[in-house]
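Chain residues, written in single-letter form:
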Amino acid sequence: MKQTVLVTALASILPMTALAESGTVSLGYGQTDAGSDTNDSWLVNGTYSTDFANGLMIDLTGRANLLDDGGDEDQIYNVFGSVGYQFRNGLTAGAYLHRFTLDESAGAPLTLDSYGLSLGYAAEGVHVSAYAGQTTEHGSDNNNDEWGLHAGYRTR
């Protein structure tokens, strides 16, 4: 009985622990007319972000794109996830995973997996960060080291 009460209490508190949740779902269509060729593009995109108000932040993004030129269809899938922690002094630390797949009807699919760590600082709407990681190609011995810098400003 005590376990049931504890689980019920925990389940009722968990949804309230998130300070800020946001998400979007978008659908898209585009057409490119290149003389004798017409290409159609269909897109589905979804994002989800949560800030748990205790420093922990989670971001997820997924995208699917179908490209059709009337003969061949190419499919692109993109999934990105990150988890981070913001310390009280403005320092942020995190990790990310990213999978990109291009499935062409004329060839074997290309799948890339990226993973790495990030470190940044945020104060008064300004955010700067750096990341370092690695990208691997499925079915290959290719491993690429990567790094980058990012700066942004929140307007509200």
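Rules of the game
- Residues numbered from 1 in each chain as written.
- Predicted model: local features only at pLDDT ≥ 70, side-chain atom pairs only at ≥ 80, totals over all residues.
- Heavy atoms only, no water.
- Helix = DSSP H or I, 4+ residues; strand = E, 2+ residues; numbered from the N terminus.
- Contact = heavy atoms within 4.5 Å.
- Areas by Shrake-Rupley, 256 points an atom, 1.4 Å probe, with all protein chains shown as cover.
- Salt bridge = Lys/Arg side-chain N within 4 Å of Asp/Glu carboxyl O.
- Buried < 20%, exposed > 50% of the residue type's maximum accessible area, 1.4 Å probe, protein only.
- Pairing = 2+ DSSP bridges.
- pLDDT = per-residue confidence, 0-100.
- Phe/Tyr/Trp six-rings, centres within 6.5 Å; stacked < 30°, edge-to-face > 60°.
- Patch = residues over 30% accessible without salt bridge, like charges linked within 9 Å, V, L, I, M, F, W, Y side chains within 5 Å.
- Lys, Arg positive; Asp, Glu negative; His and termini not counted.
- Charge placed at Lys NZ, Arg CZ, Asp CG, Glu CD.
- Polar contact = N/O pair within 3.5 Å; in protein donor to acceptor, adjacent residues only side chain to side chain.

Describe the overall build of the chain, listing the residues and the values that go with them.
Of the regular secondary structure elements, the chain holds one helix and eight strands. The order of helices and strands in the chain, counted from the N terminus, is α-β-β-β-β-β-β-β-β. Contacts spanning at least 24 positions in sequence make up 36% of the contacts within the chain whose residues lie at least 6 apart. Carbon and sulfur atoms make up 59% of the accessible area of the chain, which totals about 11300 Å².

Outline the pattern of salt bridges, supporting the account with residue identities and numerical values.
Oppositely charged side chains can pair when the atoms bearing their charge come close. Tallying each qualifying case throughout the model produces one salt bridge. As a salt-bridge pair, aspartate 113 and arginine 99 come within 2.7 Å of each other at their nearest N and O atoms. In this pair, aspartate 113 sits in strand S6 (residues 110–123) while arginine 99 sits in strand S5 (residues 91–104), placing the two residues 14 residues apart along the sequence. Of the residues examined, arginine 99 reaches a relative accessible area of 39% and is grouped as partly exposed.

Give a detailed account of the pairing of strand S8 (residues 143–153), specifying residues and quantitative values.
With eleven bridges connecting them, strand S7 (residues 126–137) and S8 associate as antiparallel partners. Directly across from histidine 127, in S8, lies its bridge partner glycine 152. Joining the antiparallel neighbours S7 and S8 is a turn of five residues, in which glycine 139 adopts a positive phi near 75°.

So what's going on with the confidence of the model for the chain? Which residues, and what values?
Confidence along the chain averages 86 in pLDDT terms, with 88% of residues attaining 70 or more. Contacts of residues 2–16 to residues separated by more than four positions or lying in other chains number zero contacts, the stretch itself having pLDDT below 50.

Provide a residue-level description of the packing of aromatic side chains, including the pertinent values.
Scanning the model with the defined rule gives four aromatic pairs in all. Ring geometry for phenylalanine 80 against tyrosine 96: centres 6.2 Å apart, planes inclined by 20°, an arrangement best described as stacked. Separated by 16 residues along the polypeptide, phenylalanine 80 in strand S4 (residues 73–86) and tyrosine 96 in strand S5 bring together distant segments of the chain. For tyrosine 96, a relative accessible area of 11% corresponds to the buried category. Seen in terms of ring centroids, tyrosine 85 and phenylalanine 87 are 4.8 Å apart; in terms of plane orientation they differ by 70°. Their pairing is edge-to-face. Overall, phenylalanine 87 belongs to the partly exposed group, its relative accessible area being 39%. Taken together, the ring pairs in this structure connect Phe80, Tyr96 and Tyr131 into an aromatic cluster.

Outline a negative patch on the surface, listing residues and values.
A surface patch of negative charge is lined by Asp33, Asp37, Asp69, Asp72, Glu73 and Glu104. Relative to the helices and strands, glutamate 104 is located in strand S5.

Give me the side chain of threonine 135: which residues, what numbers.
Relative to the helices and strands, threonine 135 resides in strand S7. Within polar-contact distance, the side chain of threonine 135 engages the side chain of glutamate 146 at 2.6 Å. With residues near it in sequence (within four places) discarded, threonine 135 still touches Leu112, Asp113, Ser114, Asn142, Asn143, Asn144 and Glu146.

I'd like a description of the pairing of S7, backed by residues and values.
The two faces of a sheet get side chains in turn, since along a regular strand they alternate between them. In terms of strand pairing, S6 meets S7 through twelve bridges, oriented antiparallel. Considered in S7, the bridge of leucine 119 is made with alanine 130. A loop of two residues connects S6 with S7, the two strands running antiparallel in sequence, and glutamate 124 in this loop sits at a positive phi of about 50°.

Could you give an account of a nonpolar patch on the surface, naming the residues involved and the relevant values?
On the surface, a cluster of nonpolar side chains totalling about 880 Å² of accessible area is made up of Leu56, Val83, Tyr85, Phe87, Leu91, Leu119, Tyr121, Val126, Val128 and Tyr153. At the level of secondary structure, the elements contributing two or more residues to the nonpolar patch comprise S4, S6 and S7.

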